[in-house]
Amino acid sequence: MKKIYLLAVALAGTLLTSCSDFLDKVPLVVPSSETFLTNQSAVTNYVNGLYIALPSAGAYGMGIMGEEKNSDNMVAMVYDRRMNGELQESIGGVTEWQKGYQNLRSVNYFLEYYKVPAAEETAEVLSLKGEAYFFRAYWHYYLLTKFGSIPVMDKFWDGNATVGGLQIPARDRSAVAQFILDDLKAAKELLYSRSKYQGLRICKEAAMVMAMRVALFEGTWEKYHKGTDFAAAEYKSDDFLQQVLTLGDELFQMGITLNTKENDKSVKNIDDAYGNLFNSKDLSATQEVLFWKKYSIADNLVHSLNTNLSSGMCDAEGPAGLSQSLVDNYLSVDGNFIDPTAAKFKDFNESFKDRDGRLLATVMHSDCKYKSMTVKGAKKMLVKAYSEEDKDLINPPQIVSTGNQSNTTGYHIRMGIDTTFVSGQGETATPMIRYAEALLAYAEAAEELGKCDAAVLEKTIKPLRERAGVTYLAPLAIDPNFPDFGYTISANLQEIRRERRSELPLQGMRLDDLMRWRAHKLFQGKRGGGAYFGAGSVLYKSIDPKNEELAQILVDNNDYLDPLKNVLPRGFQFDAGRDYLLPIPPSEISLNKELTQNPGWRKN
């Protein structure tokens, strides 16, 4: 099969603008709009350019992983300002608004001027058109999650480049979500299946999972925000949730399988089947990964994760670490809840014994290599009491280090590290859409609709747990240590939400989950903390006692790491009456008189 590399095209840099700049537009491209997109070559080049804006690992920084500080999965010294209620109306949503509409303009240019003659509309050309519908859905969904009700850019707006022409009202969020789902349906009918390009391009199955994501988001948002200022004008929660089940029932018949020890012959340990999804360079044979991004040094398409993860970095902007609450989320291998207050879990090493393989694949622990740049220089993490005799072997989390590689919680990221430990630029692939997400969406939608019986759980949650080496036990009881959402949830929903957090950390989904569940009680007034660091703990003892910085490490009243103790003494001050949505940029409201500001922000 011919290799597909989604590289920048020359016109991509000309595709960007915000809505308020339409009056000053220059042409998108030099070629005539009437003759440009009339053949397969031109269509291919243009659509390839639309891939560039998607989230990725990135040539610098931590990419998608670093975004997780906007949730309770990471504790960062450069904390998320929205989580702390610090955003200002004037600038709080500008970047996101511009990004969304800039990319929509690029897609709608294509759909407006696509003029391939019917006789030349091959399956390849039609699949490319399907990709464009996917991207239009993707960027509308991006805006929906950030702003709620928005003007739908259903066509190329440059023809409206007058003040009068841009008076476009926002559609109710429910209608926006349905528009997105309609676009994804159109994409599905045109796209190739995954087998055509082995997941390197948007495929039919990926569009279906994306549609399940959208329908689940809107269905649960409408349910949990009902009666608030953030509610949809037209309540269609059950309709959206049913769409998740309809799509899932169709998807389940398409023969997709999870990556397991049965089909991944490289699996040797409990964490490998899951971990290989994130530390491999080639996912073309991994059916579970429906869409992924390939990196290649030979093609000058690389990322910095190899260097950053091997140095211990979690956030490129400052010291950070994975949270204790994330670690506590994972079950024991026997399928039972853990009691995070038990003495056993004050021992860093014991915390990882007999636990869900996804914890081991996600978080660095003793015997993992993480500071290596070459095989020869590889050094394992080793947490044990410091001694002069073993000082060259002992290698604890970088709690007393300086710079961005300093860890705030004792928990470094392991997910995605290059297990070949090569030096230099990274080539590990980035999974973008996985079949596992569909299983989780289906289970959640079924439970919200009262349709989640044993059969549903056994075809959704059970295979995910068993892949991670966890014995599946049917949910029967409420875990007394499970985080309090501020409202009652069933045992089924508790385990579905637990499973979602275990399966999808560091993949850019936790914030949307917290927002749609109206889950501010999980983090409001709290700071997030790290591992037990009492003077008698093995973690504390693993650090050279002569290190002067040891005395500066902050802990809470129970001796757990508390890095934001002085920075956020009252915890995150998220405003539940405002911060669930970003503010619409005032400049857009000034231009488009049909817009009104989101709840809680100053009225214009």
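Predicted model only: the values in this text are computed from it and were never measured. (Residues numbered from 1 in each chain as written. Predicted model: local features only at pLDDT ≥ 70, side-chain atom pairs only at ≥ 80, totals over all residues. Heavy atoms only, no water.)

Sorry, what's going on with the overall build of the chain here?
Helix and strand counts for the chain come out as 16 helices and four strands. Computed over its C-alpha atoms, the radius of gyration of the chain comes to 24 Å, within 12% of the 25 Å expected for a compact globule of 604 residues. Summarising its shape, the C-alpha atoms of the chain cover approximately 75 × 55 × 50 Å along the three principal directions. Evaluated residue by residue, the chain yields a buried proportion of 58% over its 604 residues. A total of about 23,800 Å² of accessible surface is found on the chain, and carbon and sulfur atoms cover 50% of it. For the chain, the separation between the mean place of its 68 positive charges and that of its 77 negative charges on side chains is 1 Å. (Helix = DSSP H or I, 4+ residues; strand = E, 2+ residues; numbered from the N terminus. Rg over C-alpha atoms; globule rule 2.2 N^0.38 Å. Buried < 20%, exposed > 50% of the residue type's maximum accessible area, 1.4 Å probe, protein only. Areas by Shrake-Rupley, 256 points an atom, 1.4 Å probe, with all protein chains shown as cover. Lys, Arg positive; Asp, Glu negative; His and termini not counted. Charge placed at Lys NZ, Arg CZ, Asp CG, Glu CD.)

Looking at this structure, how should I read the pattern of salt bridges?
Charged atoms that come close allow side chains of opposite charge to pair. Applying the stated criterion across every chain yields a total of 38 salt bridges. Notably, a salt bridge pairs Arg501 with Asp72, separated by 3.5 Å at the nearest N-O pair. With Arg501 in helix 13 (residues 491-503) and Asp72 in the loop between helix 1 (40-50) and strand 1 (74-76), this pair connects stretches of sequence that are 429 residues apart. Among the residues examined, Arg501 registers a relative accessible area of 4% and is labelled buried. Since its relative accessible area comes to 12%, Asp72 is described here as buried. Notably, a salt bridge pairs Lys281 with Glu427, separated by 3.7 Å at the nearest N-O pair. (Salt bridge = Lys/Arg side-chain N within 4 Å of Asp/Glu carboxyl O.)

Is there a simple way to explain the environment of Met153 in this structure?
Along the polypeptide, Met153 turns up in the loop between helix 3 (123-147) and helix 4 (173-190). Met153 sits 48 residues away from Arg105 along the chain, and the two C-alpha atoms are 7.8 Å apart.

I tried to follow the confidence of the model for the chain on my own but got confused; where do I start?
When pLDDT is low, close inspection of the predicted coordinates is not appropriate. Per-residue pLDDT for the chain averages 92, and the proportion of residues at 70 or more is 93%. Overall, residues 1-17 carries pLDDT values under 50, and its contacts beyond four positions in sequence, including any with other chains, amount to 37 contacts. Segment residues 22-27: pLDDT under 50, and 16 contacts once partners within four positions in sequence are set aside and those in other chains are kept. (pLDDT = per-residue confidence, 0-100. Contact = heavy atoms within 4.5 Å.)

Explain the packing of helix 11 (residues 435-448) against helix 13 to me, please; I cannot follow it from the model alone.
For any two helices packed against each other, one specifies the inter-axial angle together with the distance between the axes. Where helix 11 meets helix 13, the axes come as close as 10 Å, and the angle between the chain directions of the two elements is 160°. Here helix 11 is positioned roughly antiparallel relative to helix 13, judged by the angle of their axes. The element helix 11 and its partner helix 13 pack so that their crossing is left-handed. Contacts between helix 11 and helix 13 pair Ala436, Leu440, Ala441, Ala443, Glu444, Glu447 and Glu448 from the former with Asn492, Leu493, Ile496, Arg497, Glu499, Arg500 and Glu503 from the latter. Taken together, the residues of the contact of helix 11 with helix 13 sort by class into six nonpolar, one polar and seven charged. (Axes fitted to C-alpha atoms, helices over the stretch in contact; angles between N-to-C directions. Parallel < 35°, antiparallel > 145°, perpendicular 65-115°, else oblique. Left-handed = near helix turned anticlockwise from the far one by under 90°. Nonpolar A, V, L, I, M, F, W, Y, C, P; charged D, E, K, R; others polar.)

In this structure, what is going on with the nonpolar core? I would like to understand it.
One recurring pattern in soluble globular proteins: nonpolar side chains tend to sit buried together. Core analysis: the largest hydrophobic core is formed by 125 residues, its most contacted members being Phe110 and Phe134. Top contributing element to this core by residue count: helix 3, with 14 residues. With residues up to four places along the chain from it excluded, the contact list for Phe110 reads Leu37, Val43, Tyr46, Val47, Lys129 and Ala132. By size, the runner-up hydrophobic cluster in this structure holds 51 residues, among which are Phe278, Ala320, Val363 and Leu561. (Core = buried A, V, L, I, M, F, W, Y, C linked by side-chain atoms within 4.5 Å.)

Even after reading the chapter, I still don't get helix 13, so can you show me in this structure?
Residues three or four positions apart in an α-helix share a direction because the helix packs 3.6 residues into each turn. Taking 1.5 Å of rise per residue, 13 residues should cover 18 Å, and helix 13 covers 18 Å from first to last C-alpha, within 8% of that figure. Along helix 13, 13 of the 13 residues are buried, which leaves the element largely enclosed by surrounding structure. (Expected span 1.5 Å × (residues − 1).)

Got a minute to help me understand the packing of aromatic side chains in this structure?
Geometry of an aromatic ring pair is reported as the spacing of the ring centres plus the angle between the planes. Across all of its chains, the model carries 36 aromatic pairs by this definition. Ring centres of Trp97 and Phe147 lie 5.1 Å apart, and the angle between their planes is 85°; this geometry places the pair in the edge-to-face category. Here Trp97, found in helix 2 (residues 94-113), pairs with Phe147, found in helix 3; they are 50 residues apart in sequence, far enough to count as distant. Across the ring face of Tyr235, the terminal group of Lys226 is positioned such that the distance to the ring centre comes to 4.5 Å. Directly above the aromatic system of Trp517 lies the positively charged group of Arg497, at a separation of 4.3 Å from the ring centroid. (Phe/Tyr/Trp six-rings, centres within 6.5 Å; stacked < 30°, edge-to-face > 60°. Lys NZ or Arg CZ within 6 Å of the ring centre and 35° of its normal.)

Got a minute to help me understand the packing of helix 4 against helix 6 (residues 237-251) in this structure?
Between helix 4 and helix 6, the shortest axis-to-axis distance is 12 Å and the interhelical angle comes to 15°. Taken together, the axis directions place helix 4 and helix 6 in an arrangement best described as roughly parallel. In the crossing of helix 4 with helix 6, the sense of the turn from one axis to the other is left-handed. Residue-level inspection shows Ser174, Ala177, Gln178, Leu181 and Lys188 of helix 4 in contact with helix 6, the latter providing Asp239, Phe240, Gln243 and Glu250. Split into classes, the residues belonging to the contact of helix 4 with helix 6 amount to three nonpolar, three polar and three charged.

Would you mind showing me how to read unusual backbone geometry here?
Peptide bonds are, in most cases, trans, and in most cases residues other than glycine have a negative phi. For Gln198, which is not glycine, the phi dihedral falls at a positive 55°. Position of Gln198 among the secondary structure elements: in the loop between helix 4 and helix 5 (204-224). One non-glycine residue, Asp354, lies in positive phi territory at about 55°. One can find Asp354 in the loop between helix 9 (324-329) and helix 10 (357-362). Residue class for Asp354 comes out exposed when judged on its relative accessible area of 55%.

Mind showing me how you'd approach the side chain of Ser237 here?
Inspection of the secondary structure puts Ser237 in helix 6. Ignoring sequence-local partners within four residues, the contact set of Ser237 consists of Gly219, Glu222 and Lys223.

Any chance you could explain the side chain of Arg498 here in plain terms?
Relative to the elements of secondary structure, Arg498 occurs in helix 13. On the basis of relative accessible area, Arg498 is assigned to the buried category, the value being 3%. Setting aside its immediate chain neighbours within four residues, Arg498 contacts Asp328, Asn329, Leu331, Phe337, Arg465, Asp479 and Phe482.

Where do I start with the pairing of strand 4 (residues 430-434) in this structure?
Looking along a regular strand, one sees side chains alternate from face to face of the sheet. Of all five residues that make up strand 4, five are buried, and the element is covered over most of its length. Where strand 2 (residues 289-293) lies against strand 4, four bridges are found, and the strand directions are antiparallel. For Trp292, the partnering residue across the bridge sits in strand 4 and is Pro431. (Pairing = 2+ DSSP bridges.)

How should helix 7 (residues 272-279) be read in this particular structure?
Most of helix 7 sits inside the fold, with eight of its eight residues counted as buried. Among all positions of helix 7, only Asp272, Ala273, Tyr274, Gly275, Asn276, Leu277, Phe278 and Asn279 are buried.

Any chance you could explain the environment of Leu277 here in plain terms?
One can find Leu277 in helix 7. With 139 residues separating them along the chain, Leu277 and Gly416 place their C-alpha atoms 8.2 Å apart.

Is there a simple way to explain the state of the cysteines in this structure?
What is meant by a disulfide is a covalent connection between two cysteines, made through their sulfur atoms. All told, the structure shown has zero disulfides when counted by the stated rule. This cysteine, Cys314, is not joined by any disulfide, and Cys368 carries the nearest cysteine sulfur, 13 Å off. When its relative accessible area of 0% is taken as the criterion, Cys314 is described as buried. (Disulfide = S-S within 2.5 Å.)

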